[in-house]
Amino acid sequence: MEKIEELKRKIEKLKKDRNAIILAHNYQLPEVQDVADFVGDSLELARRATKVDAEVIVFAGVDFMAETAKILNPDKIVLIPNKRATCAMANMLKVKHILEAKKKYPNAPVVLYVNSTAETKAYADVTVTSANAVDIIKKLNSDVIIFGPDKNLAHYVAKVTGKTIIPVPPEGHCYVHKKFTIEDVERAKRLYPNAKLMVHPECNPEVQEHADIIVSTGGMIRRACEWDEWVVFTEREMVYRLSKLYPNKKFYPAKEDAVCVGMKAITLQHVYESLRDMKYEVTVPEEIAEKARKAIERMLEMS
Ligand code: 13P
Ligand code: SF4
């Protein structure tokens, strides 16, 4: 405990010395969230990254999020505290999957979830997050959409919009959200009969069927005010975030072991060392960044 408080003090001092801010995703460890200047979902973080005055951005999240911040801030230094902080789902989508789908559906726009590498974003017409995927896909002037890499989000979007969604790769998924099953839904209903179910759209379709609300992590925060007791079907740390924001409500994790290893690769010690040694700098080659930026900026304009 003493060590945590000491690290927090050192981080606060370094933030001033380096003219740095810390952006953190909702799934970060509690003590990392506590030192962040802004905590949010991937859309909120991308938006916040366009409004940074500081010279240095320390990104406490996974690599695709830090890359997005760098693409939107080519002149700033963006640091990721641990190089192992990666998103397994983003890494499933390769450029060849997009090109193969483009051959079959040459007129279909390519819509990529921000959970994708900068290299693949360079082939996207627009990016989306789980907070705006439905709205943006509704607005696109095409009934057939190439979408990657999350098949479950693709299913959700297809269901709500009625459009034909071609998932790339065919089986892209998040291993954390894929863990939730019907048994978890049944257990949640048995243990917490008064609670409602908030479900991330990366969960399997059969779990989505039983959701009271299907929302991004930011949507969970916005909509938690609607009820007093919730079972949370997403990464475990979301329960900390929600409980801190709504101390008088009850939040239960649907599964204790729903843990994203990439998100948890960043500790307070890493954040401290990152600011102390100015490591690890995120770089995106300009020819990729330029194309990816267009897709991300189009998303920010459309949502
Ligand atoms: P959100 O945009 O809902 O924060 O989701 C990001 C993510 O990685 C979910 O697993
Ligand atoms: Fe990627 Fe899943 Fe982790 Fe989100 S929870 S960052 S989708 S691996």
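First, a word on scope: everything that follows refers to the structure included in this document. Please read all numbers here as calculations on a predicted model, not as lab measurements.

1. What to know about the site of ligand 2
Here comes step 1: What surrounds ligand 2 is the set Tyr 27, Val 62, Cys 87, Ala 88, Met 89, Asn 115, Cys 174, Tyr 175, Val 176, Glu 202, Cys 260 and Met 263.
Here comes step 2: Its residues placed into classes, the shell around ligand 2 shows 10 nonpolar, one polar and one charged.

2. A closer look at the pairing of strand β1 (residues 20-25)
Here comes step 1: Of all six residues making up β1, six are buried, and the element is well covered by its neighbours.
Here comes step 2: Because side chains alternate across β1, one face comprises the buried residues Ala 20, Ile 22 and Ala 24, and the other comprises Ile 21, Leu 23 and His 25, equally buried.
Here comes step 3: Bridge count for β1 against strand β3 (residues 56-60) is five bridges, and the pairing is parallel. Looking across to β3, one finds that Leu 23 is bridged to Phe 59.
Here comes step 4: Pairing between β1 and strand β2 (residues 38-40): three bridges, direction parallel.

3. Structural notes on the environment of Glu 273
Here comes step 1: Summarising the element assignment, Glu 273 is placed in helix α14 (residues 268-277).
Here comes step 2: A sequence separation of 267 residues divides Glu 273 from Glu 6, and the C-alpha atoms of the two residues are 13 Å apart.
Here comes step 3: Setting aside residues up to four positions removed in sequence, Glu 273 forms contacts with Met 278 and Lys 279.

4. A look at the sheet that holds strand β9 (residues 196-199)
Here comes step 1: Within the open sheet, the four strands sit side by side as β10-β9-β11-β12. Their pairing is parallel. Each having just a single partner strand, β10 (213-214) and β12 (250-253) make up the two edges of the open sheet.
Here comes step 2: As paired elements, β9 and β10 share two bridges and run parallel to each other. Opposite Val 199, over in β10, you have Ile 214 as the bridge partner.
Here comes step 3: Its contacts with the sheet place helix α13 (residues 238-245) against β9, β11 (229-233) and β12, and it is angled at close to 175° to β12.

5. So, the site of ligand 1
Here comes step 1: The immediate surroundings of ligand 1 are formed by His 25, Tyr 27, Asp 41, Ser 42, Asn 115, Ser 130, His 177, His 200, Glu 202, Ser 216 and Thr 217.
Here comes step 2: In the environment of ligand 1, an oxygen atom lies 2.6 Å from a nitrogen or oxygen atom belonging to the side chain of His 25.
Here comes step 3: The contact in question runs from an oxygen atom of ligand 1 to an N or O atom on the side chain of Ser 130, over 3.2 Å.
Here comes step 4: Taken by itself ligand 1 offers 300 Å² of open surface, and the protein chains cover 96% of this.
Here comes step 5: Among the detected pockets, ligand 1 sits in the largest cavity.
Here comes step 6: Split into classes, the residues belonging to the shell around ligand 1 amount to one nonpolar, eight polar and two charged.

6. Structural notes on the packing of helix α4 (residues 63-72) against helix α15 (residues 286-302)
Here comes step 1: With their axes 9 Å apart at the nearest point, α4 and α15 run at an angle of 95° to one another. Classified by the angle between their axes, α4 and α15 sit roughly perpendicular to one another. Residues Thr 68, Ile 71 and Leu 72 of α4 pack against Ala 289, Ala 292, Arg 293, Ile 296, Glu 297 and Leu 300 of α15.
Here comes step 2: Split by residue class, the contact of α4 with α15 holds six nonpolar, one polar and two charged.

7. Quick notes on the side chain of Lys 8
Here comes step 1: Along the polypeptide, Lys 8 turns up in helix α1 (residues 2-18).
Here comes step 2: Each residue touching Lys 8, except ones within four places of it in the same chain, is listed here: Glu 31, Asp 34, Val 35 and Leu 268.

8. Let's talk about the nonpolar core
Here comes step 1: By size, the foremost hydrophobic cluster in this structure holds 89 residues, and its most contacted members are Ile 22, Phe 147, Phe 233 and Met 299.
Here comes step 2: For Ile 22, the contacting residues outside a window of four places in its chain are Ile 11, Lys 15, Val 35, Ala 36, Asp 37, Phe 38, Val 58, Ala 60, Val 271 and Leu 275.
Here comes step 3: With 13 residues, the next largest nonpolar core counts Ile 213, Met 220, Trp 230 and Val 232 among its residues.

How each quantity is defined
- Sequence positions are assigned chain by chain, starting from 1 and proceeding in written order.
- The naming scheme follows written order: chains are lettered A onward, ligands numbered 1 onward.
- The predicted origin of the model limits local features to residues at a pLDDT of at least 70 and limits the giving and counting of side-chain atom pairs to 80 or more, whereas totals for whole chains, interfaces and linings rest on all residues.
- Values reported for side chains reflect all heavy atoms of the structure, with hydrogen atoms and water molecules removed beforehand.
- We call a residue near a given molecule or strand whenever any one of its heavy atoms falls within 4 Å of it.
- Each residue is assigned to one class: nonpolar for Ala, Val, Leu, Ile, Met, Phe, Trp, Tyr, Cys and Pro, charged for Asp, Glu, Lys and Arg, and polar for all the others, Gly among them.
- Exposure is judged per residue with a 1.4 Å probe applied to protein chains only, and the accessible area is read against the type maximum: over 50% gives exposed, under 20% gives buried, and values in between give partly exposed.
- The secondary structure listing takes helices from DSSP runs of H or I that are at least 4 residues long and strands from runs of E that are at least 2 residues long, numbered from the N terminus.
- Pairing between strands is defined by DSSP: at least two bridges between the two strands are required.
- Two residues form a contact once any of their heavy atoms are found within 4.5 Å.
- Axis definition: a line fit to C-alpha positions, over the contact stretch in the case of helices; interaxial angles, taken between N-to-C directions, run 0 to 180 degrees.
- Pairing of N or O atoms within 3.5 Å defines a polar contact, subject to two protein rules: one partner must be a possible hydrogen donor and the other a possible acceptor, and residues neighboring in sequence count only if both atoms are side-chain atoms.
- Here the accessible surface of atoms and residues is derived via Shrake-Rupley with a 1.4 Å probe, and residues count as covered only by protein chains that are part of the display.
- Definitions used for this entry: grid spacing 1 Å over protein atoms alone; cavity, a set of points where a 1.4 Å probe fits but cannot get out; pocket, an open set with protein on both sides within 12 Å along at least 5 of 7 lines; lining residue, one with an atom within 4 Å of a point.
- What decides whether a molecule sits in a cavity or pocket is whether more than half of its atoms lie within 2 Å of the grid points.
- Should an angle fall under 35 degrees it is called roughly parallel, over 145 degrees roughly antiparallel, and 65 to 115 degrees roughly perpendicular, with every other angle called oblique.
- By convention a nonpolar core is built from buried Ala, Val, Leu, Ile, Met, Phe, Trp, Tyr and Cys residues, the set being connected through side-chain atoms within 4.5 Å.

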